[in-house]
Amino acid sequence: MKQTFTYLVAAVLGFLSPSLSSWAQNFNGVFKEVTSQADFTEGYYVIIKPFLASPLDTETALCGVKTGNPNRGDIEQIKIEPNGEIHSPKSSSVWKVEQKQGTFTIKHESTGAYMLVGKSNQLNVTTESSKATRLILSEYAKNYTKPKATAYTFRAKNKESWLVYGKHINPPTFVFTEKGRHGFKDNTAAPRFFKLVVPFTMSAAQYATYYGDKTVKLPADLTANVGEIDAQKHILKLTPIGNVVPANTAVIITGAAGNYTLDVSTEAGSVPAK
């Protein structure tokens, strides 16, 4: 018995139609909230501006640079499902987080612009990856308040709301906080992060096939295998390749039955020789 699980993330193809820009298209997939700093790794995220003034603020996603104002971030309302997931948000709400040697860059999926630490209270960006600010991640701390920290400015309902980072630390610190602990002084807040994941179910047979267009990392209980057909013996030989499945690579996953979450990664992965 086999289960085929196909996962496709739609490409941002705004050039196909002038009336359908990349800002209007959806980024297909399920985004699940990350509530542990250890689980904040490279991947694709929706960043939610936390509750500050009204309940509606819990469903406000941070987007790219505001049209006509290069120093202001834009926002849009977004639906969080009752189970705490976000399904297929607009591409303008998705940020790509890449990790290298313990630091992160944050890149807007639609525009390709990287967050750049610059002047206080402005959303500075650059399209050059070499100039992108590399940020480290810090846990929630009461001292991340102005003027000890600076913050990106996002405009929401004619009020300022800031996405905090510690500029006076080298490298600059991007603040992560556990769920329910978001508030700082002066409307400054640590955001909520929702990460793109792949819901995956392993049946009682303990075998499943998988193929997707993005690299995924498997939990410890699962192993990815590539198959090679032995024509003479009429058998399929499985060779384990670990817990990382490269994009566009068909694998057979083995492991205990149950429901799992596969993390989508920005890594290229290693494609097997055969």
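*Asks:* Please clarify how the confidence of the model for the protein chain should be interpreted in this entry.
*Replies:* When pLDDT is low, close inspection of the predicted coordinates is not appropriate. Taken as a whole, the protein chain shows an average pLDDT of 75; of its residues, 66% reach a score of 70 or greater. Note on residues 1-23: pLDDT is under 50 here. Beyond four places in sequence and across chains, it has 57 contacts.

*Asks:* Would you mind going over unusual backbone geometry with me for this structure?
*Replies:* Positive phi values are uncommon outside glycine, yet His234 reaches one of about 55°. Summarising the element assignment, His234 is placed in the loop between strand S19 (222-230) and strand S20 (235-242). For Asn248, which is not glycine, the phi torsion reads 55° and is therefore positive. Within the element layout of this structure, Asn248 appears in the loop between strand S21 (244-245) and strand S22 (251-255).

*Asks:* Any chance you could explain the nonpolar core here in plain terms?
*Replies:* Generally speaking, soluble globular proteins have nonpolar side chains that are buried together. Ranked by size, the top nonpolar core spans 28 residues in total, and within it Phe31, Val46, Phe200 and Tyr210 carry the most contacts. Elements with a contribution of two residues or more to this core: strand S3 (43-49), strand S16 (192-202), strand S17 (207-212), S19, S22 and strand S23 (258-264). In terms of residue count, the dominant contributor to this core is S16 (five residues). Of all hydrophobic cores here, the second largest spans 16 residues; its members include Ile47, Leu62, Ile106 and Phe193.

*Asks:* How should I be thinking about the pairing of strand S2 (residues 30-34) in this particular structure?
*Replies:* Remember that side chains alternate between the two faces of the sheet whenever the strand is regular. For S2, the tally of buried residues reaches four of five residues, placing the bulk of the element in the interior. In this sheet, strand S6 (residues 85-87) lies alongside S2 in antiparallel orientation, the contact comprising three bridges. Among the inter-strand pairings, Lys32 is bridged to a residue of S6, identified as Glu85. Judged from the five bridges that link them, S2 and S16 form a sheet pairing that is antiparallel.

*Asks:* Just checking my understanding: could you explain the packing of aromatic side chains for this structure?
*Replies:* The description of an aromatic ring pair rests on the distance of the ring centres and on the angle between the ring planes. Counted under the stated rule, the structure contains seven aromatic pairs. Considering the side-chain rings of Phe40 and Phe104, the 5.2 Å spacing of their centres and the 75° angle between planes classify their relative orientation as edge-to-face. Remark: Phe104 occurs in strand S8 (residues 103-108) and Phe40 occurs in the loop between S2 and S3; sequence separation between them is 64 residues. Among the residues examined, Phe40 registers a relative accessible area of 4% and is labelled buried. Here Tyr45 and Phe193 contribute two aromatic rings whose centre-to-centre distance is 6.1 Å and whose plane-to-plane angle is 85°, an arrangement assigned as edge-to-face. With Tyr45 in strand S3 and Phe193 in strand S16, this pair connects stretches of sequence that are 148 residues apart.

*Asks:* Would you take a moment to explain the side chain of Ser265 for this structure?
*Replies:* With respect to the secondary-structure elements, Ser265 resides in the segment after S23. One polar contact links Ser265 to Glu42, side chain to side chain, over a distance of 3.0 Å. Those residues within four positions of Ser265 in sequence are excluded, and the remaining contacts are Glu42, Tyr44, Thr215, Val216 and Lys217.

*Asks:* How should I be thinking about the layout of surface pockets in this particular structure?
*Replies:* Regions of empty space are outlined by a rolling probe, equal in size to a water molecule, passed over the atoms. Of the pockets and cavities examined, the largest pocket occupies roughly 180 Å³. As for the largest pocket, its lining consists of Lys32, Glu33, Val34, Thr35, Ser36, Asp39, Lys195, Val197, Thr261 and Asp263. Elements with a contribution of two residues or more to the lining of the largest pocket: S2, S16 and S23. A total of three residues in the lining of the largest pocket trace back to one element, the largest contributor, which is S2. Grouping the amino acids of the lining of the largest pocket by side-chain chemistry returns two nonpolar, three polar and five charged.

*Asks:* I would appreciate a short explanation of the pattern of salt bridges in the present structure.
*Replies:* Opposite charge on two side chains permits them to pair, given that their charged atoms come into close proximity. In this structure the tally under the stated criterion is six salt bridges. One salt bridge in this structure joins Arg192 and Glu33, with 2.9 Å as the shortest N-O distance. Of the two residues, Arg192 is situated in strand S16 and Glu33 in strand S2; the sequence distance between them amounts to 159 residues. The pair Arg192 / Glu33 is uniform in exposure class, with both members buried. Here Glu98 makes a salt bridge to Lys96, at a shortest N to O gap of 3.8 Å. Taking the relative accessible area as the measure of exposure, Lys96 reaches 17% and is therefore buried.

Here is what the cut-offs are and how they apply
Residues numbered from 1 in each chain as written. Predicted model: local features only at pLDDT ≥ 70, side-chain atom pairs only at ≥ 80, totals over all residues. Heavy atoms only, no water. pLDDT = per-residue confidence, 0-100. Contact = heavy atoms within 4.5 Å. Helix = DSSP H or I, 4+ residues; strand = E, 2+ residues; numbered from the N terminus. Core = buried A, V, L, I, M, F, W, Y, C linked by side-chain atoms within 4.5 Å. Buried < 20%, exposed > 50% of the residue type's maximum accessible area, 1.4 Å probe, protein only. Pairing = 2+ DSSP bridges. Phe/Tyr/Trp six-rings, centres within 6.5 Å; stacked < 30°, edge-to-face > 60°. Polar contact = N/O pair within 3.5 Å; in protein donor to acceptor, adjacent residues only side chain to side chain. 1 Å grid on protein atoms, 1.4 Å probe; cavity = no way out; pocket = protein on both sides within 12 Å on 5 of 7 lines; lining within 4 Å. Points joined across faces, edges and corners; volume = space filled by probe spheres on them. Nonpolar A, V, L, I, M, F, W, Y, C, P; charged D, E, K, R; others polar. Salt bridge = Lys/Arg side-chain N within 4 Å of Asp/Glu carboxyl O.

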